[in-house]
Amino acid sequence: MMEQVRVVLDHAGDISPISSEEYLRIGGYQGLKKALEATETIIDTIKASGLRGRGGAGFPTGLKLSFTANTQADQKYIVCNADEGEPGTHKDRIIMVEIPHRLFEGMAIAAVAVGASQGYIYLRAEYPYVATILEQALADARRQGLIGSNIMGSGVDFDIQLFIGAGSYVCGEETALLDSMEGKRGEPRFKPPFPGVQGLWGRPTIINNVETLSNLPAIMVKGPKWFRSMGTERCPGTKLFTLCGNIAHPGVYEFPVGTTIRTLFEEVGGGCPRGKKLMAVQTGGASGNIIPASLLDTPMDIDACAEAGATFGAGDLMFMDEDSCLLDVLENLTEFFEEESCGKCTPCREGNTQLLRLIREFRNGTAQEGDLNLLLELSNVMRGGCLCGLGQSSPNPILSVLRFYPDLFVENSYRKGDLAYA
Amino acid sequence: MTTREEQLCVLEEVAAIAAKWRDRPDMLIPVLHEVQTIAGNCIPKEVAMTVAREMRIPLAQIYSAATFYSFFSLEKRGKVLIRLCRTAPCHVKGTKETLSAFEQALGIKAGETTPDGLFTLEICECIGACDVSPAALVDDTVYGHLTPDKVRELVASLQETEGSR
């Protein structure tokens, strides 16, 4: 198998995830040390690295930090979004289970940069076994003076607490996550104000994904030029790719941004099991586009994916072999969004219910004249009218299937003898 | 909870947990996790009312949160929670077969609890175990690469462990 390019997962699995000492021995917490010595240069260094958020939105991390750094407040917060709920993603779990100190170090660097003294990790309830590791690793870091008061003898305070969610996909949306931390239903807030200015309990809050934060230590130690030597011009660095579905070697692998889907599928993942042929790939998670096998040469990069009609998202690839039925998969995906819609905004609450009804009509061959147009119109309304990313992106798989397999919906109804709307 | 005495005992424990966080509405979710565990994997009305009284939070707000999150349940559930992932990465690898194997082995449908009160079978959304799909979360442990045969073995071993307790 191709050798991985390990930055975030460097030494992951080689050392105890709990022990700060072992992490220090492999050069851990050196990025934080550097950050504490030259506080005012941190944000410029991160900006120069070109690091973009790894949770799916791809927002420039340095820019996000600068908004919060420039906001005056009595208290600021760093929140790590570890509510990894996107079906087909478990990269953050690997980081937290194998090398959690790198995440703590990244959070501390971000805290020093913006002047925050309290951090939280919002961990999804589906990862109870990860919580155990994080608690032990946090206690160890606290004992060693790496987090808590007077970190590394610098006079700076920064502590991290664990917050366990309770089973809700929408809580991965940053403002829903904040509401959840405040003891409420996880319902997305209207933006602006953005969390960077007005977040947790109204205070400026940096919310970043586990992988994003775990990139900061190496950037501080090795510098932006080194970081830019990997990945693409507009999205430098490496990415943790999750391969799942009908693939011989499912799992999480770290490679430079821009690695092609074909490389990941053939050389890393070993192709479909049992010699089956690949039919389609869902890119970027459950809310990402489904693309045909003919587009395998698309590089996994934010811009290249957008251009080809794929989705970079959080770097997930779900492979579907020749035995899969796309309408069956679409039904499953839409059931997921219908279940997970929080219900706050009408286009999402009602829209996903109607999308599911329509998909089932097509699947059963009972679609009526006009249903295809209705599906398109509804999808477009949801993309523009929903409050948060859940509703805005839940039509993506459907629209991508309509684009790449234009005959599928029609054929399916024909096959069942329903010619009504053709 | 069988007898009234036991119920009152649980409510006392619930009150003690909730009272630690009086006027801290932000602690509601951690408190609900904790009280649910001691109240038999569910949040019955008396428990919700006790939490509301002790934390000084309106009862409506307790229900607002308790009914929103899938890990909370108002209905009584079994001692062991079996959560079978139904999302796409598991689905394309055979959730349907594993689900019917679970239903047959336990003698219940998804969403139900076995008559002896030991097991509840839930269908859930992604548990982030796509590398070992199809997968299920049994309390705090992930079981992956499930096949109908493996499911039968798993249920048998769980029944043995629980039965001997």
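Cut-off values and rules
- Within any chain, residue numbers begin from 1 and follow the written order of that chain's sequence.
- Whichever chain is written first becomes A and whichever ligand is written first becomes 1, with later ones labelled in order.
- With the structure being a predicted model, the display of local features is reserved for residues of pLDDT at least 70 and the display and counting of side-chain atom pairs for 80 or more, all residues being used for whole-chain, interface and lining totals.
- Hydrogens and waters are ignored; side-chain quantities use all the structure's heavy atoms.
- Paired strands, in this sense, are two strands between which DSSP finds at least two bridges.
- Working definition: helices are DSSP H or I runs of at least four residues, strands are E runs of at least two. Numbering for both runs from the N terminus.
- Fitting a line to C-alpha atoms yields each axis, with helices limited to the stretch in contact; the angle taken between N-to-C directions then spans 0 to 180 degrees.
- To sort residues, take the accessible area from a 1.4 Å probe on protein chains only and compare it with the maximum for the residue type: under 20% means buried, over 50% means exposed, and anything in between is partly exposed.
- Per the annotation, domain bounds derive from an automatic or database assignment of domains.
- Throughout, a contact is declared for two residues whenever any of their heavy atoms are within 4.5 Å.
- The buried area of a pairing is the accessible area, by a 1.4 Å probe, that goes missing from both parts when the two are put together, added over both.
- Here a salt bridge means any side-chain nitrogen of Lys or Arg lying within 4 Å of a carboxyl oxygen belonging to Asp or Glu.
- Within 3.5 Å is the distance limit for a polar contact, defined as a pair of N or O atoms, with the added protein rule that one can donate a hydrogen and the other accept it, and that residues adjacent in sequence qualify only through two side-chain atoms.
- Gly is put with the polar residues, along with every residue not named as nonpolar or charged; the nonpolar set is Ala, Val, Leu, Ile, Met, Phe, Trp, Tyr, Cys and Pro, and the charged set is Asp, Glu, Lys and Arg.
- Two aromatic rings, drawn from Phe, Tyr or Trp (for Trp, its six-membered ring), form a pair once their centres lie within 6.5 Å of each other, and the interplanar angle then sorts them: stacked below 30 degrees, edge-to-face above 60, tilted otherwise.
- Residues enter a nonpolar core if they are buried and are Ala, Val, Leu, Ile, Met, Phe, Trp, Tyr or Cys, with the set joined through side-chain atoms within 4.5 Å.

A. Representation of the sheet that holds strand E1 (residues 77-82) of chain A. All names here are of chain A. The parallel open sheet is built from four strands, whose spatial order is E3-E2-E1-E4. The strands lining the two open edges of the sheet, one partner per strand, are strand E3 (159-164) and strand E4 (205-209). Adjacent strand axes in the sheet meet at a mean angle of 20° when their direction is disregarded. With five bridges connecting them, E1 and E4 associate as parallel partners. Counterpart to Val79 in the pairing with E4 is Ile207.

B. Inspection of the pairing of strand E2 (residues 119-124) of chain B at higher detail. All names here are of chain B. Most of E2 is tucked away: five of the six residues are buried. Note: strand E1 (residues 80-85) against E2, six bridges, orientation parallel. Paired with Ile82 across the two strands is Leu121, which belongs to E2.

C. The domain arrangement of chain A, seen in detail. All names here are of chain A. Domain assignment breaks chain A into domain 1 (20-228), domain 2 (238-321) and domain 3 (326-415). Each partner contributes residues to the interface: domain 1 has 15 residues there, and domain 2 has 16 residues. A buried area of about 1,200 Å², summed over both sides, lies between domain 1 and domain 2, and 58% of it is on carbon and sulfur atoms. Sorting the residues of domain 1 by area buried against domain 2 places Arg54, Glu86 and Lys91 first, and these three jointly supply 33% of that buried surface. The interface formed by domain 1 and domain 2 includes one salt bridge. Between Lys239 and Glu211 there is a salt bridge; the shortest N-O distance is 2.6 Å. On inspection of domain 1 and its partner domain 2, the count reaches six residue pairs in polar contact (both at pLDDT 80 or more). By residue number, the principal contributor to the side of domain 1 that touches domain 2 is helix H5 (residues 91-98), which donates three residues. Residue classes in the side of domain 1 that touches domain 2 are distributed as four nonpolar, six polar and five charged.

D. The packing of aromatic side chains, seen in detail. All names here are of chain A. Applying the stated criterion across every chain yields a total of 15 aromatic pairs over all chains. On the numbers, 6.0 Å between centres and 45° between planes, the contact of Tyr77 with Tyr120 is tilted. Here Tyr77, found in strand E1, pairs with Tyr120, found in strand E2 (residues 118-123); they are 43 residues apart in sequence, far enough to count as distant. Like Tyr120, Tyr77 is buried. Ring geometry for Phe336 against Phe337: centres 5.2 Å apart, planes inclined by 70°, an arrangement best described as edge-to-face.

E. Inspection of the sheet that holds strand E3 (residues 136-138) of chain B at higher detail. Residues and elements named next belong to chain B. Spatial strand order, E2-E1-E3-E4: four strands in an open sheet with mixed pairing. At either end of the open sheet lies a strand with only one pairing partner, and these are E2 and strand E4 (141-143). Across the sheet, the mean angle separating the axes of adjacent strands is 25° when strand polarity is ignored. The pairing of E1 with E3 spans three bridges and is classified as antiparallel. Looking across to E3, one finds that Ile82 is bridged to Val138. Helix H6 (residues 95-106) contacts E1, E2 and E3 of the sheet and is inclined by roughly 155° relative to E1.

F. Expanded view of the nonpolar core. If you look at the biggest cluster of nonpolar residues, it comprises 102 residues, and the most contacted ones within it are Phe319, Leu330, Leu375 and Phe409 of chain A together with Leu32 and Val51 of chain B. A per-element tally of this core places helix H12 (residues 326-340) of chain A first, with seven residues. In this structure, Leu32 of chain B is in contact with Ile43, Ile62, Ala65, Ala66 and Phe72 of chain B, ignoring residues within four places of it in sequence.

G. Structural view of the environment of Asn150 of chain A. All names here are of chain A. With respect to the helices and strands, Asn150 occurs in the loop between helix H7 (128-143) and E3. Exposure remark for Asn150: the relative accessible area of 39% places this residue in the partly exposed category. Beyond its immediate stretch of four places on either side in the chain, Asn150 contacts Gly145, Gly155, Val156 and Asp157. Only 2.5 Å separates the side chain of Asn150 from the backbone nitrogen of Gly155, close enough to count as a polar contact.

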